[in-house]
Amino acid sequence: MPKQSKQARKWVYGGASVALSLAVLGGCASAPSGNTQANTGSAKTVAPQRGGTLRMIMEDHTDNIGFPALSPQLDYYYSSPALETLGRYNAKGIMEPFLAKGWKVDPKAKTITFYLRKGVKFQDGTDFDAEALKWNIQQFQNAHRPEVDGIKSMQVVDKYTLKLNLVKFDNQLLESICWFVQIISPTAVKKHGIDWAKTHPVGTGPFTFVAWNPDVSIIYKRNPNYWQKGKPYLDEIDLDLIYDANTAYNTFISGGADVLTRASTANTKQLEASGQYKFNTTRKIAFGAAGYGFMFPSANPKDPLSNLKVREAVEYAINKNAIIKSVLHGYGEATNQWYTPRSPFYNPAVKGFPYNPAKAKQLLKEAGYPNGFQTQIWTDAADQDMVTAVQNYLAQVGIKVKINVVDIAKLIAITSSSAPKWTGMTVYIWPTFPNAPVLIDRNFSPHAAYFAQNILHPPILQQLIAKARSAPDHQTEVKYVQQIQKVLFQDYALVLPMYITAGDVFMKKNVQNLGMFTTNGFDWNPESVWLSK
Amino acid sequence: MSHLLEVKNLKVQFKLDGRTVKAVDGVSFHVDAGEIVAIVGESGSGKSVTQYSILQLIPAPPGEIVEGEVLFEGTDLLKLDPRSQELRDVRGGKIGIIFQEPMTSLNPVMTVGRQLEESLILHLKLSRSQARERAIELLRRVGIPDAEHRVNYYPHQFSGGMRQRIMIAMAMSCEPKILIADEATTALDVTTQAQLLELLRDIVRSTNTALVLVTHNLGVVARFADRIYVMYAGGIVESGTCKDIFANPRHPYTVGLLRAIPRLDDPKDRKLVPIDGLPPDLSQKPTTCAFMPRCVYRTARCAQEPAPPLTPVGPGHEAACYVLPSAEEFSAAANAATAASETSAALAAPVQQKQTGETILEVRNLKMYFPVTKGLLKRKVSDIKAVDDVSFDIRRGETIGLVGESGCGKTTVARAILRMYDPTDGQIVFRGQDIAKLPKKDLRPLRRHMALVFQDSYSSLDPRLTAANIVGEPLKVNRLVASRAEYDRRIDELFELVGLRPELKHRYPHEFSGGQRQRLGIARALASNPDFIVCDEAISALDVSIQAQIINLLEELQAKLGLTYLFIAHDLSVVRHISDRVVVMYLGRVVEIADWKSLYENPKHPYTQALLAAVPIPDPFVEEQRERIIIQGDIPSVMNKPPGCSFSNRCPLATKECTEQVPPLTHVGDGHSVACIKVS
Amino acid sequence: MTTMLLRRLVQAVIVLFIVTVIVFLIMHLIPGDPAQIMLGSTATQEQIDALRHQMGLDKPLVVQYFLWLGNVLHGNLGTSIFYNQPVTQLLAVRLPITLQLGLYSLVVSLILGIPAGIIAAVKRGTFIDSIVIFLSNAGVAIPVFWLAILGVYVFSLKLGWLPVQGWVSPFENFGEGVRYLVMPVLVLATLPLSSFARQTRSSMLEVIRQDYIRTARAKGLKENVVILRHALRNALIPVITLLGISLAGIIGGAVLVEQVFNIPGMGRLLVQAILGKDYILVQGSVLIIGAIVVLINLATDIAYTYVDPRIKG
């Protein structure tokens, strides 16, 4: 995937919170046949060794690593050595306590209570306590972040307990706060101001910030007073910011870095084949990749695609596996819904519309288009090959497609909810993160900023989303999300899903317990990484 | 007795495009201390290459000195390495050279002072400050006013004449034994030329320096040289004292040259006798006499035996010819040739007594100003009055000569008449219609009646067109032919008219010689059947033997077609030869108009007088008795005209009142007008 | 001379003004709303409108332009949308790096290119001449991008002599700095070096044929004096013209070289700004680059008058 596209997508989807960590971290490649080394497992059998510097190649795009209320979640990769969150997702997508010792959610009383670890100190020596947490959440509120919407008031119960009173119960709020609100030192920000804070992260993390050389590197050194005794293992972490994917690859193979978080399809192939490196891939995990497909103009009566039968015909007409094989060289998983089968949200009842051109023609005939029709697809240049392949398949059932290659900015303009209704299909990309109800609501609510003017909003979908958000427990939430997927992708076919992308992170063989792409595609655990000698 | 410089059997060749050009082929000559030796020849005769070879200054490769000796003060210079100290001591130290092109022979990015000092420091081992002092002195000596300041000027801040003075200063700076002046004054105006040659002679005489004058100008030779070597096709064909050569030429080529050039003291009806044909291609030089194909005296012996060696024909007089015709034979042959060409012309169209008809062109108070802009906003601050209030008329069938030195505005007048410029003011009445302000589209029907023959026949002919296309262009533009057949017929006709074989019409310009190209230019001018032709320095770039051919052609065409010529030239002898009436211009104004006879025999304006006096006559006996009027100073730039009479600052007659008013052109009788208050 | 420089200066200012208008128009006429981009896909229409108002995007284009221009004249290039930092501050860090890169490349290309051209001209037709011709033609023909990749492959990956990428300021650590500089500078210098060599060779050949060189030889000057004192200064006149063009080219090439070698200069900043439709940053950067190019041309003009006295007055 060319770099422009990644960069641009970050702008489109990463503006606030919907981050495509995958797009940034891994390109769109993944091993078709994985020989992934489960380094988490092997790491446990050997005692971690102290010392060393980890040099990790990152894409160069961040502008804010120290004031999370004004940064996309995407940037957390750069700041996590210094900044930590209240909780972390586990491999199943369930939020587990981290900086918080625990929490209590009371749907009936509409409250969430956080119980904090004692004795945790910020790197500037001040205490991490309930007041500090409150201040941190306030920063998000001040920035009008939707992730913290619905908090009526915050109450410091005692030094280590903070209680949130909610307007109405929303089971996503806990996850959002635990995931998005990276904790920073209020004292430091009050002293130096927000602009300073953006480039000087001061948190509770295992590493303290040393220097940020713009466009070159971000350097962290070991925090000796880290709250987890004995950790971290490394002396230093250098994030090398490299803009060009080939330059990054060359640096890595010349031994200039220990970890490569981004590689093109071709480079991924070479690195996997070389056998010289370990790698983790999102193909093995449930969350953190991106889905790729097309949004139908389902609510534009002038467009044949507003007819469900026509949409079904389009779906039947396309052989996704063949396209993945030819266009993506096999690096991608065909999908018929939002999540991969490895995710608890995956709904096996969604059967999708397996490739069947005869059926497609039949449906077109029934819909009153026996000779097909003319339509168009809006795409950016990066996905042109993919769209051209789709065009060929649709032509075989009589649907003639005109491809409009536009830049991302134009795509935004077309799909913006304040724009007039568009005709034809537009490229649609979504993140496969664990906070499913929020993600889906964002694009399929009638009040969404994008697409809203031109897609159907079936009442059943709205109801299910509301139910999912107010589900009292994870089990119930999962059930509703599965139902949502069926309505969205099967019953109404609002979106044509194509495939889930995936990426690899490569590392030298002595890098242990990186924690990247092992539980999910958007976090890592700097405190546990170590280098074997 | 040993000579100061003795060149023996010098052979130089150039390898170009796989051909070997024998530029100098066995030349021997000598120079003695203090004498002025002239090497005369046309372009390609090898006269310059010979001189450069003495100092090994020819570019090598492609040049190569094949054999020979150059004995200078007992040393063979050709045996020295060109980079050796010994040769470099000779170059610029003992032998100085003045090159032809004053405009390009000085380094444009160094002050003239530094260029002078360089030699002085190198050869005379002077210190920096001594060198500077000496440089100033030298500049003063060659007549550069205000030398203390101008020593810091760059070459472009000097006029051509001044630059050549600086070149002379440079060449003389280290008191050389020999000074070689290679066409040193050719590119200059006549008055400047005269000044410089006088200066040069005075200097070499006073320092007992030998001077080698390399030139094609026989007049210059006659005026200045003690001894002459005549070169042709890489060899010396005749040598002797100046008087011997002019009075008793023995080689047919020398004779041919003398007959081909018009002289200021010619009888008017003298027919120029061109040397027919072209010099040989030196890459295919025959082993027989190189001049034989053009020679009217050739015999069977000339065609069989190898090229004749130089043989004595008198004391100190040698010629390389088997025939060595006598003076009587020469004049007989010349008359025959004249008769022959007259007969041929008579056969084509009976020669009519030249009669002039009605006025075809009348120029009244023509002004052509060019704006001078200055400053940030390119504000117009003044005008360059290139042509200022010029009036004259031309009658049908006559030839008007327009003469003057560079910058006098003669070319501007021609261009204004042809409406290549839009005149600032005045009238140009052509065939009864004032065309000075006529819009371009209304000019078109008149255009075909006027034509222009350019000076530089090479750059004015499109190299990508065939000769036929070049000549035929006006036919197409003016839609003068109805059919392809007529077009082809007319082109053949035009080719024949100018003396070119129609078979040549599919060739490209570079395949023609200079004279032939000028014929092509004339054919093109004739294509639209014009009445009136402007010849702008049309023969200036040609060698003398070819010049005569073209002059004769123009005269024949005039007789045959009744053409009217405006003949612009700086060569006063040629103008005298061809013109009926002559207009003399100086700094944008007409100073004198008269018929040729009154003008040349009784010039009234001091400028005209000086101009004529400056023209050397190729006859040492005449030259001996001529009175010299050398006007001082350089022609000012048109931008800095003196107030009142433009000539007042150089005029021997000028008084205060001359600077107070512009003298009007006044008729002094017999169609003779002069613009000088001292005359009328 | 002063008048000429003044006129050039006025022309330069006009050119800069036109450049700003064009840049401003381009950035505003291509689709995409900066406010929308900044706020991302979760923003509400109200938020977008508020930001548009705050950024002045709801004003007519002409008003926006003059507001921006007014700020520029006060030394305020605005605040980058993406970095949310003053543009001047962003440039202050990156511009010196690009300038260093450009300057070193220029010096290298002059130091190597001009002597190569002189030697080739003086030894015309020899083996040395052929080598110079071949290399300089290759240098002009080979795409910089390809050269960079080749260089990295050979010198970094295969031989391991030089680092693959990165930047260390030579003022902080000279040895390391030079190691990091060698490849980008050579890659960037290749094209101008080759052009200088070619131009010097051909104008030397032209000049050597001139009459005044013959004059200099006829004076008995040593050949190297003839070449260096008389020929070179004349031959350099067209090289100076090329210098101006090459400098502009070096600035352009720096964009690419900075990408490939991961050098934190102006070029990378500009590319990111364009891709991100950070129009304020683009405008500021282009204005600065334009000003540099204009200054370079001005300097070239001055150099001209120094080398060629005919231009004075």
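A short tour of the structure in this document, coming up. (Residues numbered from 1 in each chain as written. Chains lettered and ligands numbered in written order. Predicted model: local features only at pLDDT ≥ 70, side-chain atom pairs only at ≥ 80, totals over all residues. Heavy atoms only, no water.)

Regarding the overall build of chain B
Phase 1 of the analysis: Each helix and strand in chain B was counted, giving 22 helices and 24 strands.
Phase 2 of the analysis: In summary, chain B has a C-alpha radius of gyration of 26 Å against a globular reference of 26 Å for 680 residues, a match within 12%.
Phase 3 of the analysis: Based on the C-alpha atoms only, the size of chain B along its principal axes is roughly 75 × 65 × 50 Å.
Phase 4 of the analysis: Burial status across chain B gives 56% buried among its 680 residues.
Phase 5 of the analysis: Excluding contacts between residues fewer than 6 apart, the proportion of contacts in chain B whose partners are at least 24 apart in sequence is 66%.
Phase 6 of the analysis: Carbon and sulfur atoms provide 51% of the accessible area of chain B, an area that totals close to 28,100 Å². (Helix = DSSP H or I, 4+ residues; strand = E, 2+ residues; numbered from the N terminus. Rg over C-alpha atoms; globule rule 2.2 N^0.38 Å. Buried < 20%, exposed > 50% of the residue type's maximum accessible area, 1.4 Å probe, protein only. Contact = heavy atoms within 4.5 Å. Areas by Shrake-Rupley, 256 points an atom, 1.4 Å probe, with all protein chains shown as cover.)

Considering helix α15 (residues 467–477) of chain B
Residues and elements named next belong to chain B.
Phase 1 of the analysis: Among all positions of α15, only Ala467, Ala468, Ile470, Val471, Gly472, Pro474 and Leu475 are buried.
Phase 2 of the analysis: Residues of α15 that are buried make contact with α16 (484–497) and α17 (514–526).
Phase 3 of the analysis: Backbone geometry just after α15 places Arg479 at a positive phi near 50°.

A few points about the interface of chain C and chain B
Phase 1 of the analysis: Chain C puts 24 residues into the contact, and the matching count from chain B is 29 residues.
Phase 2 of the analysis: Note on chain C versus chain B: buried area summed over both sides is about 2,500 Å², and carbon and sulfur give 59% of it.
Phase 3 of the analysis: Inspection of the chain C/chain B interface yields two salt bridges.
Phase 4 of the analysis: Glu118(B) is the partner of Arg229(C) in a salt bridge, and the nearest nitrogen-oxygen pair spans 2.4 Å.
Phase 5 of the analysis: Between the two partners, chain C and chain B, sit 13 residue pairs in polar contact (both at pLDDT 80 or more).
Phase 6 of the analysis: Every element with two or more residues in the side of chain C that touches chain B is listed here: α1 (2–29), α9 (211–218) and α10 (223–260) of chain C.
Phase 7 of the analysis: Counted by class, the side of chain C that touches chain B contains eight nonpolar, five polar and eleven charged residues. (Buried area = accessible area lost by both parts, 1.4 Å probe. Salt bridge = Lys/Arg side-chain N within 4 Å of Asp/Glu carboxyl O. Polar contact = N/O pair within 3.5 Å; in protein donor to acceptor, adjacent residues only side chain to side chain. Nonpolar A, V, L, I, M, F, W, Y, C, P; charged D, E, K, R; others polar.)

A closer look at the arrangement of the chains
Phase 1 of the analysis: Contact analysis covers two pairs of chains in contact, and the most contacts occur between chains A and C.
Phase 2 of the analysis: Separated in space, chain A and chain B share no contact, their closest pair of C-alpha atoms being 45 Å apart.

Details of the pairing of strand β3 (residues 36–40) of chain B
Residue and element names in this part refer to chain B.
Phase 1 of the analysis: With five of five residues buried, β3 is to be regarded as a mostly interior element.
Phase 2 of the analysis: In this sheet, strand β8 (residues 210–215) lies alongside β3 in parallel orientation, the contact comprising five bridges. Bridging across to β8, Val40 finds its partner in Thr215.
Phase 3 of the analysis: Inspection of the sheet shows β3 paired to strand β9 (residues 227–232) by four bridges, in the parallel sense. If you follow Val37 over to β9, its bridge partner there is Arg227. (Pairing = 2+ DSSP bridges.)

Points about the environment of Gly633(B)
Residue and element names in this part refer to chain B.
Phase 1 of the analysis: With respect to the element layout, Gly633 can be found in the loop between α22 (620–625) and β23 (666–667).
Phase 2 of the analysis: Taking the C-alpha atoms as reference points, Gly633 and Ala610, 23 residues apart in sequence, are found 12 Å from one another.
Phase 3 of the analysis: The contacts of Gly633, once residues within four sequence positions are left out, are Gln195 and Arg650.

Examining unusual backbone geometry
Phase 1 of the analysis: The amide bond that connects Lys231(A) to the next residue, Pro232(A), takes the cis arrangement and shows omega of -10°.
Phase 2 of the analysis: Phi at Glu73(B) is positive, roughly 50°, even though this residue is not glycine.
Phase 3 of the analysis: With respect to the helices and strands, Glu73(B) occurs in the loop between β4 (63–72) and β5 (75–76).
Phase 4 of the analysis: A positive phi angle is found at Asp389(B), which is not glycine, with a value near 65°.
Phase 5 of the analysis: Topologically, Asp389(B) is positioned in strand β14 (residues 379–395).
Phase 6 of the analysis: The exposure class assigned to Asp389(B) is partly exposed, which follows from its relative accessible area of 33%.

Notes on the nonpolar core
Phase 1 of the analysis: Of all hydrophobic cores here, the largest spans 109 residues; its most connected members are Leu54(A), Leu86(A), Phe444(A) and Leu514(A).
Phase 2 of the analysis: In terms of residue count, helix α18 (residues 474–491) of chain A provides more of this core than any other element does, seven residues in total.
Phase 3 of the analysis: Not counting chain neighbours up to four residues away, the residues in contact with Leu54(A) comprise Leu234(A), Glu236(A), Ile237(A), Asp238(A), Asp258(A), Val259(A), Val511(A), Leu514(A), Trp524(A), Val529(A) and Leu531(A).
Phase 4 of the analysis: Core analysis: the next-biggest nonpolar cluster, separate from the first, contains 106 residues, Ile98(B), Phe99(B), Leu116(B) and Val214(B) among them. (Core = buried A, V, L, I, M, F, W, Y, C linked by side-chain atoms within 4.5 Å.)

Overview of the packing of helix α12 (residues 320–327) of chain A against helix α14 (residues 384–396) of chain A
Residues and elements named next belong to chain A.
Phase 1 of the analysis: Interhelical geometry of α12 versus α14 gives an angle of 140° and a closest axis separation of 10 Å. The angle between α12 and α14 places the two elements in the oblique class. Helix-helix and strand crossings are classified by hand; for α12 and α14 the assignment is right-handed. Residues Ala322, Ile323 and Val327 of α12 form the contact with α14, whose participating residues are Asp385, Met386, Ala389, Val390 and Tyr393.
Phase 2 of the analysis: Residue composition of the contact of α12 with α14, by class: seven nonpolar, no polar and one charged. (Axes fitted to C-alpha atoms, helices over the stretch in contact; angles between N-to-C directions. Parallel < 35°, antiparallel > 145°, perpendicular 65-115°, else oblique. Left-handed = near helix turned anticlockwise from the far one by under 90°.)

Digging into a nonpolar patch on the surface
Residues and elements named next belong to chain C.
Phase 1 of the analysis: Taken together, the side chains of Val10, Ile14, Phe17, Ile18, Ile22 and Ile26 make up a nonpolar region of the molecular surface, amounting to roughly 510 Å² of accessible area.
Phase 2 of the analysis: Turning to its location among the elements, Ile18 is positioned in helix α1.
Phase 3 of the analysis: Ile18 gets classed as partly exposed once you look at its relative accessible area, which sits at 45%. (Patch = residues over 30% accessible without salt bridge, like charges linked within 9 Å, V, L, I, M, F, W, Y side chains within 5 Å.)

None of the figures reported here should be taken as evidence of function without further support.
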